[in-house]
Amino acid sequence: MQKKIQSALISVFYKDGLEPIARQLMELGIRIYSTGGTQKFLEDLGIACIPVESLTTYPSILGGRVKTLHPAVFGGILGRRYEPQDLEEMKQFHIPEIDLVIVDLYPFEETLRNTTEEKFIIEKIDIGGPSMIRAAAKNFRDITVIAAKDDYGSLEKILAEQKGETSLLQRRSFAAKAFEIVMQYDIAISNYFNPGQSQVLRYGENPHQKAVFHGNLDQLFTQLNGKELSYNNLVDVDAAIQLISDFTIEGADKWGSVFAIIKHTNVCGIAARATVKDSWDSALAGDPESAFGGVLVCNRPINKTTADAISEIFFEVLIAPAFDSDALETLQSKKNRILLQLTPGILSLKTPSKSLLNGVLEQDSDEGNFSKWEETGGRETTTAEKEELAFANIICKHLKSNAIALVKNKQLVGKGCGQTSRIDALRQAIGKAKQFSFDLHGAVLASDAFFPFNDCVQIAHAAGIEAFIQPGGSVRDKDSIEYCTTHNLAMVMTGMRHFRH
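Everything numeric in this text was worked out from a predicted model, so none of it was measured.

Caption draft 1: Layout of the overall build of the protein. Assigned secondary structure in the protein consists of 19 helices and 23 strands. If one aligns the C-alpha atoms of the protein with their principal axes, the spans along those axes are about 95 × 45 × 45 Å. The buried share of the protein, taken over its 501 residues, is 49%. Working note: accessible area of the protein is about 23,400 Å², and carbon and sulfur atoms make up 52% of it. Across the protein, the 53 positively charged side chains and the 63 negatively charged ones have centroids separated by 4 Å.

Caption draft 2: A look at the packing of aromatic side chains. Summed over the entire model, instances satisfying the criterion amount to twelve aromatic pairs. Each ring, one from Phe13 and one from Tyr14, has its centre 5.2 Å from the other, and the planes form 75°; the classification is edge-to-face. By relative accessible area, which is 19% here, Tyr14 ends up buried. Look at Phe451 and Phe468: their rings are 6.4 Å apart centre to centre, the planes differ by 90°, and that puts the pair in the edge-to-face class. With Phe451 in the loop between β21 (444-447) and α18 (455-462) and Phe468 in strand β22 (residues 467-470), this pair connects stretches of sequence that are 17 residues apart. Taken individually, Phe451 and Phe468 each receive the classification buried, so the pair is uniform in this respect.

Caption draft 3: Structural context of the packing of helix α8 (residues 128-138) against helix α10 (residues 168-193). Between α8 and α10, whose axes approach to 9 Å, the crossing angle comes to 150°. What the angle tells us is that α8 and α10 run roughly antiparallel. The hand of the α8/α10 crossing is left-handed. Only Ala175, Ala178, Phe179, Val182 and Tyr185 of α10 make contact with α8, whose side of the interface consists of Pro130, Ile133, Arg134, Ala137 and Lys138. Grouping the amino acids of the contact of α8 with α10 by side-chain chemistry returns eight nonpolar, no polar and two charged.

Caption draft 4: Structural view of the pairing of strand β13 (residues 294-298). Across the five residues of β13, five count as buried, placing the element largely inside the fold. Burial of β13 is two-sided: the residues Gly294, Leu296 and Cys298 facing one way and the residues Val295 and Val297 facing the other way are all buried. Strand direction decides the pairing type here: strand β11 (residues 257-263) and β13, joined by four bridges, are antiparallel. In the strand pairing of β13, Phe259 is matched with Cys298. In terms of strand pairing, β13 meets strand β14 (residues 315-320) through four bridges, oriented parallel. Pairing of Val297 across the sheet is with Ile319, part of β14. Following the backbone out of β13, through helix α14 (residues 304-310) and into the adjacent parallel β14, one traces a crossover that is right-handed.

Caption draft 5: Focus on the nonpolar core. Among the nonpolar cores identified, the biggest contains 51 residues, and Leu25, Ile77 and Ile102 are the most heavily contacted of them. In terms of residue count, α10 provides more of this core than any other element does, eight residues in total. Those residues in contact with Leu25 that sit more than four places away from it in its chain are Ala8, Ile10, Ile30, Ile32, Leu100 and Leu159. Core analysis: the next-biggest nonpolar cluster, separate from the first, contains 46 residues, Ala240, Phe247, Val267 and Ala446 among them.

Caption draft 6: How the structure looks around helix α1 (residues 18-27). Every buried residue belonging to α1 is among Leu18, Ile21, Ala22, Gln24 and Leu25, and all of these are buried. Buried residues of α1 fall within an arc of 155° about the axis and therefore sit on the same side. In this structure, the buried side of α1 is in contact with β2 (7-11), β3 (31-34), α2 (36-44), β5 (100-103) and α9 (152-161).

Caption draft 7: How the structure looks around unusual backbone geometry. Residue Asn402 follows Ser401 across a cis peptide bond; omega there is -10°. Locating Asn402 in the fold gives a position in the loop between α16 (383-397) and β19 (404-407). The backbone of Asn488 sits at a positive phi, close to 55°, despite the residue not being glycine. Of note, Asn488 is situated in the loop between α19 (477-486) and β23 (490-493).

Scoring rules and cut-offs
Residues numbered from 1 in each chain as written. Predicted model: local features only at pLDDT ≥ 70, side-chain atom pairs only at ≥ 80, totals over all residues. Heavy atoms only, no water. Helix = DSSP H or I, 4+ residues; strand = E, 2+ residues; numbered from the N terminus. Buried < 20%, exposed > 50% of the residue type's maximum accessible area, 1.4 Å probe, protein only. Areas by Shrake-Rupley, 256 points an atom, 1.4 Å probe, with all protein chains shown as cover. Lys, Arg positive; Asp, Glu negative; His and termini not counted. Charge placed at Lys NZ, Arg CZ, Asp CG, Glu CD. Phe/Tyr/Trp six-rings, centres within 6.5 Å; stacked < 30°, edge-to-face > 60°. Axes fitted to C-alpha atoms, helices over the stretch in contact; angles between N-to-C directions. Parallel < 35°, antiparallel > 145°, perpendicular 65-115°, else oblique. Left-handed = near helix turned anticlockwise from the far one by under 90°. Contact = heavy atoms within 4.5 Å. Nonpolar A, V, L, I, M, F, W, Y, C, P; charged D, E, K, R; others polar. Pairing = 2+ DSSP bridges. Right-handed = clockwise from strand over helix to strand, strands pointing away. Core = buried A, V, L, I, M, F, W, Y, C linked by side-chain atoms within 4.5 Å. Arc of directions from axis to C-beta.

Printed below as a string of structure tokens:
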């Protein structure tokens, strides 16, 4: 059902990006109602608008707390065009129809990050904004609602291509986004009023699941930008911090700048380089497809050059020990990007736990890389191979079992994870490397557990790999050892398995 927009209500805190839409509305002959600062902004641009006070007959009162909370405004938004009774009452009380609502919310979460003074925080609890957004979204059959500047581009395109008309499907889609934005806003306010208690999340692993976080995230990091962390964000952030902690324990100077990309708790790209920008470029090159929507983590401060490069892709979260001021300005240009600054000295949990069956399972954390370094192949590892193998073994430790990591020049070039057999994990890793045109000659291989047969070293060798690291412990270790001896391949046994379920 197409709906022609004939009138719009615009009242926004963030004015950037608003001008093109407002000019489109003016060119289409759409009547614009506005409030306070938004009205002044539009009028300064030469865009005619009608002050909301002309509808309510009341000025903005109580220091701006009450502007739009009036039947003349909400009647125009909630009035059902398909209900004769509604239309009759709107006519009786001189309530104009409002077809488009462009309203955003006071920056509550941003204020929390910038001050601890309660009087400033309380004033950024929006009342009219969420009410208008919810009203417009509820009446999506007739109303188009835009609740964030991220949707300005979509609206511009619709206005241009459809001459000011919207479809029911488009209005419903905007309404769904609007309810999500208001829900996230309310959760942030609720969490502020319940410090140190359970934090209600938007939803769990999937939208139909409820979720709560018990704990204090402020001890681990400071959130510098972005929306409330979701359930899946928290799971991936935990995986990212555990991974980067291993490189911190090993020594930041040992590895240089390490940049990693996490998807569904698995490492999909990681590299160690001399500079942060180079480590980012190499991490991304390892699997640029999987990087989309990932959680990013680095063991060094983020600079402007790197921030510009990172901003070219969509990502959920970026974690680092610090951000240069100009880098932060670039990264904060997208308000939903989650930026986390790690608290110094934070390492992995000592006693990770999970609930299962009818109780809670606890264990020591998987600390360390290897308990021994036993050369068991046909030759000794070179100095370069030793570093590559140690690097690869850390990565493999942070992949879901069964896991294989292929590394070349301290860059993950192929990985297999979450497979029901080790050989399938290897095939997956080699396939990934081939997909992105990596030459595996000179690469090394890490396995999170022992090789039950020699088929893995045979297949890897055929692909060009000549150095392996694995815990050992199989009754058939000798099969892999004999193959490596015969073919002059290096193999290290560490005595430390790294299963991850």
